[in-house]
Amino acid sequence: MTSRQSKKKPPARGVSASPAKSWSGRFSEPVDALVKRFTASVSFDQRLALVDIRGSLAHARMLAAQRILSRRDLAAIERGMATVEREVRSGRFEWSLDAEDVHLNIERRLTALVGDAGKRLHTGRSRNDQVATDVRLYLRDEVDAIHALLASLQKSMLDSAEKHSGLVMPGFTHLQVAQPVTFGHHLLAYVEMFERDRERLADCRRRINRLPLGAAALAGTTFPIDRQRVARELGFESVCENSLDAVSDRDFAIEFCACASLILTHLSRLSEELILWMSPRFGFVKIPDRFCTGSSIMPQKKNPDVPELVRGKTGRVFGALTGLLTLMKGQPLAYNKDNQEDKEPLFDTVDTVKDCLAVFADMMAGVRPVPERMRAAALEGYSTATDLADYLVGKGVPFRDAHEIVARAVRAAEELNCDLSELPLATLRGFSRRIQADVADWLTLEASVSRRSHVGGTAPKQVLRAVARARKRLARP
Ligand code: ARG
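Residues numbered from 1 in each chain as written. Predicted model: local features only at pLDDT ≥ 70, side-chain atom pairs only at ≥ 80, totals over all residues. Heavy atoms only, no water.

K.L.:
I'd like a rundown of empty space enclosed by the protein, residues and numbers included.
P.N.:
Considering all chains together, one arrives at two cavities of 30 Å³ or more under this definition. Estimated volume of the largest cavity: approximately 50 Å³. His59, Met62, Gly124, Leu211, Leu213, Gly214, Ile225, Asp226, Arg227 and Val230 are the residues that line the largest cavity. Looking at the lining of the largest cavity, the elements that each hand over two or more residues are α4 (49-65) and α10 (227-234). In terms of residue class, the lining of the largest cavity is built from five nonpolar, three polar and two charged. In this model, the second largest cavity occupies a volume close to 40 Å³. Along the walls of the second largest cavity sit Ser160, His164, Phe183, Leu187, Met364 and Val367, which together make up its complete lining. (1 Å grid on protein atoms, 1.4 Å probe; cavity = no way out; pocket = protein on both sides within 12 Å on 5 of 7 lines; lining within 4 Å. Points joined across faces, edges and corners; volume = space filled by probe spheres on them. Helix = DSSP H or I, 4+ residues; strand = E, 2+ residues; numbered from the N terminus. Nonpolar A, V, L, I, M, F, W, Y, C, P; charged D, E, K, R; others polar.)

Set out below in structure tokens:
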């Protein structure tokens, strides 16, 4: 071969080469080494080994129950698979590039261990329904793990929200100071986003949890199989209804990547806020040093590496979603080799989401707000201007007129370089005679947030209630 071959990727851990493909009888010359490596998936689909074994055992037990396979053969398969599983778990299993993928590797090893019984395992099944089953089994477990990671992140943020239910900070629109809010309330906004993420995952899981096995290559099988039994044994809620769809459907993987993209979108928004808040211009929070790094040239620097990296990783998760959508869009029914390309983006997405969530739960527990800085910023932008307008409305002024009056008061405060609450009463009364001495208490930051006391409002009392409701939601199974 040419120089391309010398640059080829080394085979993955423990992957070796040896002759004789299981379908080689049909071909008259050896497969080109490059093509062999190019078409093989064992370097990455070995990740499916344990679910592949689980699926095979359920299939074999069904075959035996249906008298398609003898009891003796089943016993041999069960014994052999126990050995294979031990080898896989301990890392001793020898993966071979010649056996192409995880399925053929395991079947070949099983056959080496137990002989003909191993060769009978593939009765009434194809790698097409086998791989579709494996990916669903794999993803179902990972969805459960991600669901739990989201819940721990929520728990960690609920603890902070409770602790800082009364801490005032500026709320922003257009990144301009808008109205005071509480830090607890701000954190709870993300708890809601992550709650929707959990709902979406739970919904996506229902569609993952259907059994393709029994579809065989594409048309079903001539053997009297019992698909319900296999579904029951593997914990699937139902069986895929149509064999052509069963082997070729990857919607569930796309849906999962869409869920993952939204999770990362939320993490990325939170990252962006942490990065801004950590910047000395804001100085709203401190992040523990272990989530930051220094600069190799500027000794004074402390950079928010973890949030930046999470913001960056969002791109690769979106990439996986786009990749899988594109992978599917041109495929005629039923199975096509294109589908082998579903695994790497899917696995990468699972790994990325899990890492990002785990590191975030840890980091959010360590985020310390800087109350003085938040307060100073909330006082800077006339954040209680709406409160003054609401005050005037309370005194009978129509809201549009009140808006106008307050705009003039803000201009006056700007000229005097002070906050609205610091304007002398006489000055305020110059804009409206309805303004009275009680306005002073009305315009404090604390009064402003406390008045927004209804479900979903920023008042400390409401934050505490929202925390309690969210905790109850989390406790539900
Ligand atoms: N490695 C293949 C995949 O990931 C398994 C299915 C192969 N089926 C086939 N007819 N070539 O999709």
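Past the structure itself, the notes keep going.
K.L.:
Provide a residue-level description of unusual backbone geometry, including the pertinent values.
P.N.:
For the bond running from Leu333 to Ala334, omega is 0°, close enough to zero to count as cis. Residue position: Ala334 is located in the loop between α13 (305-329) and α14 (343-366). Located in the positive-phi region is Glu100, a residue other than glycine, with phi close to 70°. Within the secondary structure, Glu100 is located in the loop between β2 (95-96) and α6 (102-114). The phi dihedral of His174 falls on the positive side, at around 55°, and the residue is not glycine. Within the fold, His174 resides in the loop between β3 (168-173) and β4 (176-182).

K.L.:
Help me get a handle on α10, residues and values and all.
P.N.:
All buried positions along α10 are accounted for by Arg227, Val230, Ala231 and Leu234. End-on, the buried residues of α10 take up no more than an arc of 100°, which puts them together on one face. Looking at the packing, one finds that the buried side of α10 touches α4, α8 (127-163), β5 (210-211) and β6 (238-239). Gly235 sits one or two positions beyond α10 and adopts a positive phi of about 75°. (Buried < 20%, exposed > 50% of the residue type's maximum accessible area, 1.4 Å probe, protein only. Arc of directions from axis to C-beta. Contact = heavy atoms within 4.5 Å.)

K.L.:
Can you explain the side chain of Glu142? Please cite residues and give values.
P.N.:
Note that Glu142 resides in helix α8. Looking at Glu142, the relative accessible area reads 13%, which means it is buried. Apart from residues no more than four positions distant in its own chain, Glu142 is found in contact with Val350 and Lys354.

K.L.:
Please provide a residue-by-residue account of the pairing of β3, values included.
P.N.:
Bridge count for β3 against β4 is six bridges, and the pairing is antiparallel. Across the sheet, the residue bridging to Phe172 is Val177, located in β4. If you look at the hairpin formed by β3 and β4, you'll find two residues sitting between the two strands, and His174 has a positive phi there, around 55°. (Pairing = 2+ DSSP bridges.)

K.L.:
Residue-level account of the environment of Gln130, with values.
P.N.:
Mapped onto the elements of the fold, Gln130 is located in helix α8. Placed 86 residues apart in sequence, Gln130 and Ala216 show a C-alpha to C-alpha distance of 7.8 Å.

K.L.:
Explain the packing of aromatic side chains to me, using residue names and the numbers behind them.
P.N.:
Counted under the stated rule, the structure contains six aromatic pairs. Both rings, one in Phe172 and one in Phe282, keep their centres 6.0 Å apart while their planes meet at 55°; by these two values the pair is tilted. Of this pair, Phe172 sits in strand β3 while Phe282 sits in the loop between α12 (251-278) and β7 (285-286), placing them 110 residues apart in sequence. Judged by its relative accessible area of 18%, Phe282 is buried. Look at Phe282 and Phe284: their rings are 5.3 Å apart centre to centre, the planes differ by 80°, and that puts the pair in the edge-to-face class. Judged by its relative accessible area of 2%, Phe284 falls in the buried class. (Phe/Tyr/Trp six-rings, centres within 6.5 Å; stacked < 30°, edge-to-face > 60°.)

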